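Fold and contact review
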Amino acid sequence: MYVFDVHYIYPSVVRLLFHLPGKQNVVYGADDDIEDVLNKQSVSSSMFLSWMSCNEHNKDAQKLSYVEFPTKFVWKQEDRCWEPRKKDIHTVNGNECPTFRDACYVLGLLEDDREYIDAIEELKNLTLYEIEKILLQNSSSLKDFVGMPYPDHDSVSSSNNRLITEELDFDINSLQQESHQLLDSLTIEQRSIFDEIMTAVKQKKGGDIVLNVASSGIASLLLTGGRTAHSRFIIPLNLTEDSFCSFAPDSDVAELLKKHH
């Protein structure tokens, strides 16, 4: 899902909840007291109602539509209210600088070019690391090319995505032998499904990793490297009015999903 540009829009994309008067979503259990349910703060102070409340006393809020609101305000889940966003780090003493470098100079944080040299070295090292990952997936390495620089080991270790490493940690030869044995035991219907999946894989309709996910713990144990959907995709176990899967676009989980089929 994070291959789409919408997740990199600034400010961050916010899912705005909307409901008619008295029609907000309410989550409750079969044994819950109805009065307690209706008095929950999540019911009385929904995102939409809090936006209206903010407009009653904040003049800046009154200049924005509901869709424009997240550009200047941020939703505080714990406090159930909207608060003004903090100023962008481009802004110094009320003046917006065109670049981060200009902002740093105004603040007196830059004395020489050492910061830039270090940043360029870090970028070079991360680029080499990304190249090395691609080569390793294809049974090669930067070390195979004479005179080619190699990423710093400490940076490689700190930048390594554990989830991707786990998914790529397999023995190709043993898996091929196992697949041939299992292929002979498939029924006609199972073989049809298998052929359809393999066609998609050969046409590269996806990434480099297949995620084995099941809806229950018992089912996941039957899959090699299997995980439950709740565990893999961080699906909340206890639902509320505001429940949704949440992980950052630059997190290890997001990077893993970008590479999966």
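To start, this report covers the structure provided alongside it. (Residues numbered from 1 in each chain as written. Predicted model: local features only at pLDDT ≥ 70, side-chain atom pairs only at ≥ 80, totals over all residues. Heavy atoms only, no water.)

**Structural notes on the pattern of salt bridges**
Note that side chains of opposite charge can pair when their charged atoms are close. Following the criterion strictly, the structure yields one salt bridge and no others. Across the pair D195 and R191 runs a salt bridge whose closest N-O atoms are separated by 3.0 Å. Highlighted residues: D195 and R191, both in helix 9 (residues 188-202), separated by four residues, approximately one helical turn. (Salt bridge = Lys/Arg side-chain N within 4 Å of Asp/Glu carboxyl O. Helix = DSSP H or I, 4+ residues; strand = E, 2+ residues; numbered from the N terminus.)

**Notes on the packing of aromatic side chains**
Under the defined criterion, the tally for this structure stands at seven aromatic pairs. Arranged with centres 5.0 Å apart and planes meeting at 85 degrees, the rings of F69 and W82 form a pair that is edge-to-face. You can see F69 sitting in the loop between helix 3 (47-57) and strand 1 (73-76) and its partner W82 sitting in strand 2 (residues 81-84), a full 13 residues away along the chain. When sorted by exposure, F69 lands in the same class as W82, which is buried. Linked through ring pairs, F48, W51, Y66, F69, F73, W75 and W82 together constitute an aromatic cluster. (Phe/Tyr/Trp six-rings, centres within 6.5 Å; stacked < 30°, edge-to-face > 60°. Buried < 20%, exposed > 50% of the residue type's maximum accessible area, 1.4 Å probe, protein only.)

**Points about the pairing of strand 2**
Inspection of the sheet shows strand 1 paired to strand 2 by four bridges, in the antiparallel sense. Counted as the bridge partner of K76 is C81 from strand 2. In this antiparallel pair of consecutive strands, strand 1 and strand 2, the connection spans four residues, and R80 shows a positive phi of 55 degrees. (Pairing = 2+ DSSP bridges.)

**Concerning helix 3**
When helix 3 is considered as a whole, its buried residues turn out to be M47, F48, S50, W51, C54 and N55. All buried residues of helix 3 fall inside an arc of 160 degrees around its axis, so they share one side. Within helix 3, the exposed residues directed more than 90 degrees away from the buried face are E56 and H57. (Arc of directions from axis to C-beta.)

**Some words on a negative patch on the surface**
A cluster of acidic side chains, namely D31, D32, D33, E35 and D36, defines a negative patch on the protein surface. Summarising the element assignment, E35 is placed in helix 1 (residues 34-38). (Patch = residues over 30% accessible without salt bridge, like charges linked within 9 Å, V, L, I, M, F, W, Y side chains within 5 Å. Areas by Shrake-Rupley, 256 points an atom, 1.4 Å probe, with all protein chains shown as cover. Lys, Arg positive; Asp, Glu negative; His and termini not counted. Charge placed at Lys NZ, Arg CZ, Asp CG, Glu CD.)

Everything listed is a geometric property; what it means functionally is a separate question.
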